[in-house]
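Tertiary structure, described
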Amino acid sequence: MKIAVIGQSLFGQEVYCQLKKAGYEVVGVFTIPDKDGKADPLGVEAEKDGVPVFKFPRWRARGQALPEVVAQYQAVGAELNVLPFCSQFIPMEVINAPRHGSIIYHPSLLPRHRGASAINWTLIHGDKKAGFTVFWADDGLDTGDLLLQKECEVLPDDTVTTLYNRFLFPEGIKGMVQAVKLIAEGRAPRIPQPEEGATYEGIQKKEVAKINWDQPAAAIHNWIRGNDKVPGAWTEACGQKLTFFNSTLNTSGVTLEGEALPIPGAHQPGVVTKAGLILFGNDGKMLLVKNIQLENGKMIPASHFFRGEASDVLELTEEERVTAEAVRSIWKKILPNILKVEDSTDFFKSGAASVDIVRLVEEVKELCDGLELETEEVYMATSFGDFIQLLVRKLRGEEDNNEQDIDYVEKSVNKLTLRMPHQLFIGGKFVDAEGNETFDTINPTDGSVICQVSLAQSADVDKAVAAAKDAFENGLWGKINPRDRGRLLSRLADLMEEHQEELATIEALDAGAVYTLALKTHVGMSIQTFRYFAGWCDKIQGSTIPINQARPNRNLTFTKKEPIGVCGIIIPWNYPLMMLSWKTAACLAAGNTVIIKPALVTPLTALKFAELSVKAGIPKGVINVIPGSGQMAGQSLSDHPDVRKIGFTGSTEVGKLIMKSCALSNLKKVSLELGGKSPLIIFADCDLNKAVQMGMSSVFFNKGENCIAAGRLFVEDSIHDQFVQKVVEEVKKMKIGNPLDRDTNHGPQNHEAHLRKLLEYCQRGVKEGATLVYGGKQVPRPGFFFEPTVMTNVEDHMFIAKEESFGPIMIISRFADGDVDTVLSRANATEYGLASGVFTKDINKALYVSDKLQAGTVFINTYNKTDVAAPFGGFKQSGFGKDLGEAALNEYLKIKTVTFEY
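This write-up is about the structure you can find in this document.

Reading the values: rules and limits
Residues numbered from 1 in each chain as written. Predicted model: local features only at pLDDT ≥ 70, side-chain atom pairs only at ≥ 80, totals over all residues. Heavy atoms only, no water. Buried < 20%, exposed > 50% of the residue type's maximum accessible area, 1.4 Å probe, protein only. Helix = DSSP H or I, 4+ residues; strand = E, 2+ residues; numbered from the N terminus. Arc of directions from axis to C-beta. Pairing = 2+ DSSP bridges. Axes fitted to C-alpha atoms, helices over the stretch in contact; angles between N-to-C directions. Parallel < 35°, antiparallel > 145°, perpendicular 65-115°, else oblique. Left-handed = near helix turned anticlockwise from the far one by under 90°. Contact = heavy atoms within 4.5 Å. Nonpolar A, V, L, I, M, F, W, Y, C, P; charged D, E, K, R; others polar. 1 Å grid on protein atoms, 1.4 Å probe; cavity = no way out; pocket = protein on both sides within 12 Å on 5 of 7 lines; lining within 4 Å. Points joined across faces, edges and corners; volume = space filled by probe spheres on them. Lys, Arg positive; Asp, Glu negative; His and termini not counted. Salt bridge = Lys/Arg side-chain N within 4 Å of Asp/Glu carboxyl O. Polar contact = N/O pair within 3.5 Å; in protein donor to acceptor, adjacent residues only side chain to side chain. Phe/Tyr/Trp six-rings, centres within 6.5 Å; stacked < 30°, edge-to-face > 60°. Lys NZ or Arg CZ within 6 Å of the ring centre and 35° of its normal.

Among the residues making up helix H24 (residues 820–828), those that are buried are Val-820, Val-823, Leu-824, Ala-827 and Asn-828. Looking down the long axis of H24, one finds its buried residues gathered within 130° of arc, a one-sided arrangement.

Given below as structure tokens:
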């Protein structure tokens, strides 16, 4: 079938390309004349293929078809006209000429929204469904018979651009090709359009896009988004015409603190807040506008409306001046009608169109080693001088981080003003969850609500994975050299150190961590971890291997270690920041991108970490943070086909479910650090005082919420009673209290459900015959405080001898003097194998016991002594895979073998 393509733009170009790819013969392309010396993309593509291209200024005059134009069209011998996007009026002599007639694309569900501004009116009217129609062309009234329709849901904050890019453009191209296929197969329907529900609205132009303030907030929002980006909904205020973009009805968490913006006709003044411009409908409800275009054409964040022009103009280095001149040449090529590109030259006022933004972004990316620019950023810096300032800031990694306009929760705690993000972090921005879902995060010290945090839904996981995938496949992260990657991770560690008091305070507030311990361990070790893995970035290397098939030809075989891709990291609530750092640092050092799902009860340090990653210059999409439930966000992450690795720390039960999901979804790689019941064997020949102190630390460190905590102490019979006595004496000295108090060494349990579990654990132990020597009760004060507990006479068959408490409960069992092999057998009689310990002065006994203990870590005459350089991970049902050390890198790398003959 011979096809004539009549139309223009990128849409027309893509339809043409897909028709050619499908094997159809395009005998002619009819497009618009060149504008300002630039040919339309459709014509450019066809000329490359040698297809005849015609550029008629018009097809008719005074209502009559031009004979010479019709004759040139007829000469190509088309059997079908395909009009993917056509701004010209095509006479019926051409429409009806081919054997199969003509089909045309329309961006609405006809008969609704006939006319040229169909997408605008779909949004302006607040339609719940949008879509497109391929219909048999008529005389330009959009009333022809229907051939094919497809619909999609309209999202609450869709604009013309997002709706077009998400559905109408990609699916419309497929729809046009599908329609041609139906015609070629003789299966194309001709369904008369009904008149019921038919609408026709006029073309949306700037002069008619003025906002009517006498309507509800939802209608104003629909008007603004229905005109975003073209032609732009506007109002008069402050003596000039202001055009509004990026409107949303989602104002949750936005406070009305800011400067009033009087707007003539509005029911009440707008308010310029740190989140943007709040506007009001006649129903008193609010909407939020995030960008404003001034009368001079400059686009600014709405939150900056009263700030005026920035005065801090960067002084360019010699190298940056060379880059600026290269960019000037790019502008000159895009704007051929401009004799000279000055600093004041405006990109759009000089004739640039939306397609030129894509070209500018791509050429800058090629010039600047993959630097990613957003389309929005071009709108924000329309003059050449402003554009170069923006570009240099991005190249230096000195972008204005306040541009994010983070909606902080602020609290005065610990003589600090905490500024805590509380939204999801996706693609470099803090955003609300789908449906504005939130949850309360609780302060375990007093049970009060700290703030509401966005609760990730499955759709949010999809967005985060898409952002991470794009960052991995197309972003700067995969293009920069490993040493520069290490430099960024080092910068992130420096920023964490600058904010260590704030991070430690948030850990105390959100997780109940004792502040002094949080400074040293929760935050301190996190900083060390990033510094350690930053040093590994440029030391990840393969090897060369001699192979036996080398004769008579010469062969070379070598291996390469490559990043896996998009990784999901699911972290527990006991060390929220440290567990995040253990996995994320290795993951990023290996070159991957990551989605972090913090525990539902402790999300705040992960979100603060996300903020610091932006300040460090980590490219957008590399790190994403999605607070949410395990059942929803965690499951979606494990099931997602674009996630190639899951790193999980948590319970064995959940770890098994994750492993199953990883296997069934796409056989993704998985590493698991799971439950423990770590044995600590204390022999009579130990340093008893040290054994008491370290034994207490092995159990009560971090309130017992410690994966490697000694879950059961085996004490040799001859020192058992003395050991217990000394432990109880020391436990009584422990200061239970507010984790922010400097003399506190035992804070609240992480959350209420865990406290209840510990109470039940102790009750079950007593019921089975164990002796409660000390503690076992909730502390009578607000919050989730549990007494440090000591239980003795624990026998091997008891529940508390087998199962982990994950709390400050010391479980003590006796063993007969000198019976080393029996106590080893008892210590190993568990399905867990995370850590273990032994106290003895006999080096031979120590080494013998360490050989026999079935655990990933063995401590001798010490406990809890982990280091960023030492691999950490368990055996048996405590999981597999390693955190920390060089071994951790292998969890986030894949090995490729390359062999060639020479």
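Moving on, we get to the sheet that holds strand E24 (residues 555–563). The three strands lie next to each other as E23-E24-E40, forming an open sheet whose pairing is antiparallel. Of all the strands in the sheet, the pair left with one neighbour each is strand E23 (544–545) and strand E40 (893–901).

Now for the packing of helix H8 (residues 318–334) against helix H11 (residues 384–396). When two helices pack together, their arrangement is given by the angle between the helix axes and the distance between those axes. For the pair H8 and H11, interaxial distance at closest approach is 11 Å and the crossing angle is 130°. One way to sum up the angle between H8 and H11 is to call them oblique. Note on packing geometry: the crossing formed by H8 with H11 is right-handed. Taken together, the residues of H11 that come into contact with H8 (itself represented by Glu-320, Thr-323, Ala-324, Val-327, Arg-328 and Trp-331) are Phe-384, Phe-387, Ile-388, Leu-391, Val-392, Leu-395 and Arg-396. Of the residues belonging to the contact of H8 with H11, the class tally is nine nonpolar, one polar and three charged.

Let's shift gears to the sheet that holds strand E7 (residues 102–106). Spatial strand order, E3-E2-E1-E6-E7-E8-E9: seven strands in an open sheet with mixed pairing. Of all the strands in the sheet, the pair left with one neighbour each is strand E3 (53–55) and strand E9 (146–153). Averaged over neighbouring strand pairs, the angle between their axes works out to 15° when direction is ignored. Inspection of the sheet shows strand E2 (residues 25–31) paired to E3 by three bridges, in the parallel sense. By the bridge assignment, Phe-30 is partnered in E3 with Phe-54. Across the sheet, helix H6 (residues 160–184) touches strand E1 (2–6), strand E6 (80–83), E7, strand E8 (129–136) and E9, and the angle it forms with E9 is around 155°.

Here we come to the layout of surface pockets. A probe as big as a water molecule, rolled over the atoms, marks out the empty space that is left. Here the second largest pocket defines a volume of roughly 1,100 Å³. Trp-573, Phe-648, Gly-650, Ser-651 and Val-654 are, among the 38 residues lining the second largest pocket, the residues nearest its centre. Of all the elements in the fold, those that place two or more residues in the lining of the second largest pocket are helix H18 (630–639), strand E28 (645–649), helix H19 (652–665) and helix H22 (752–767).

Considering the arrangement of structural elements, one finds Glu-201 in the loop between H6 and helix H7 (217–226). At 5.6 Å, Arg-112 is the nearest oppositely charged side chain to Glu-201, a buried residue that forms no salt bridge. Within the structure, the side chain of Glu-201 is placed 3.2 Å from the side chain of His-113, a separation counted as a polar contact. At a separation of 3.1 Å, a polar atom in the side chain of Glu-201 contacts the side chain of His-125. Setting aside its immediate chain neighbours within four residues, Glu-201 contacts His-113, Arg-114, Gly-115, Trp-121 and His-125.

This next bit is on the packing of aromatic side chains. Note on aromatic pairs: each is described by the distance of the centres and the angle between the planes. Applying the stated criterion across every chain yields a total of 27 aromatic pairs. Ring geometry for Phe-56 and Trp-59: centres 5.2 Å apart, planes at 85°, overall edge-to-face. Here Phe-56 matches Trp-59 in class, with each residue buried. Seen in terms of ring centroids, Phe-900 and Tyr-902 are 6.4 Å apart; in terms of plane orientation they differ by 55°. Their pairing is tilted. The exposure class assigned to Tyr-902 is exposed, which follows from its relative accessible area of 57%. Taken together, the ring pairs in this structure connect Phe-11, Tyr-105, Phe-132, Tyr-164, Phe-167 and Phe-169 into an aromatic cluster. For Arg-764, the ring lying beneath its charged end belongs to Phe-799, and the centroid distance is 3.9 Å.

This structure, assessed with the given rule, holds 45 salt bridges. Asp-484 serves as the salt-bridge partner of Arg-487, at 3.7 Å between the closest nitrogen and oxygen. Of this pair, Arg-487 and Asp-484 both sit in helix H13 (residues 482–498), three residues apart, which is roughly one turn of that helix. Exposure remark for Asp-484: the relative accessible area of 28% places this residue in the partly exposed category.

The residue Lys-561 is located in strand E24 in this model. Judged by relative accessible area, which is 30%, Lys-561 ranks as partly exposed. Along the chain, Lys-561 and Gly-542 lie 19 residues apart, while their C-alpha atoms are 5.8 Å from each other. What Lys-561 contacts, discounting residues up to four positions off in sequence, is Ile-540, Gln-541, Asn-890, Leu-893, Lys-894 and Ile-895.

Turning next to empty space enclosed by the protein. On inspection of all chains with the given rule, the structure shows three cavities of 30 Å³ or more. Considered as a void within the structure, the largest cavity measures approximately 100 Å³ in volume. In terms of lining residues, the largest cavity is bounded by 17 residues, among which Ala-709, Ala-710, Gly-711, Ser-805 and Phe-806 are the most central. Broken down by secondary-structure element, the contributors of at least two residues to the lining of the largest cavity are strand E31 (710–716) and strand E34 (809–815).

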